[in-house]
Amino acid sequence: MEIEYCTQCRWLMRAAWTAQELLTTFPQELGEVALVPGAGGVFDIGLDGELLWSRKAEGGFAEIPLLKQMVRDRIAPDRKLGHSDRKPAGDAGHGM
């Protein structure tokens, strides 16, 4: 797995935190998460040559639960993720 991050934007800490979250969730399944310095606002997350998330294409950063689901679906589809598997309840019934 690779996370390419923009050094000009100082996104190393975000990339490292994302890597930590993924390695903590998938300690056996992921052999490594490489942090790849880039430029021009890049923050791309790839797995085995497949682009999972591009900040530019998606218009923002991936939410960690969504990213974990995307990774899980590719490397451990039968694995439960606990709270990261839950879908937002929406606005219905929340006193609005």
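Residues numbered from 1 in each chain as written. Predicted model: local features only at pLDDT ≥ 70, side-chain atom pairs only at ≥ 80, totals over all residues. Heavy atoms only, no water.

An unreviewed UniProt entry lists the protein chain under the name Selenoprotein W-related protein, with Kribbella rubisoli given as the organism.

Student: Help me get a handle on the packing of helix α1 (residues 12-25) against helix α3 (residues 64-75), residues and values and all.
Tutor: Where α1 meets α3, the axes come as close as 11 Å, and the angle between the chain directions of the two elements is 50°. Taken together, the axes of α1 and α3 lie oblique to each other. With respect to the hand of their crossing, α1 and α3 are arranged in right-handed fashion. Facing α1, whose interface residues are W17, T18, E21, L22 and T25, α3 presents I64, L67, K68 and V71. (Axes fitted to C-alpha atoms, helices over the stretch in contact; angles between N-to-C directions. Helix = DSSP H or I, 4+ residues; strand = E, 2+ residues; numbered from the N terminus. Parallel < 35°, antiparallel > 145°, perpendicular 65-115°, else oblique. Left-handed = near helix turned anticlockwise from the far one by under 90°. Contact = heavy atoms within 4.5 Å.)

Student: Provide a residue-level description of the environment of G41, including the pertinent values.
Tutor: Relative to the helices and strands, G41 resides in the loop between β2 (34-38) and β3 (43-47). Overall, G41 belongs to the buried group, its relative accessible area being 9%. Not counting residues up to four positions away in its chain, the partners in contact with G41 are C6, C9, W11, R55 and K56. (Buried < 20%, exposed > 50% of the residue type's maximum accessible area, 1.4 Å probe, protein only.)

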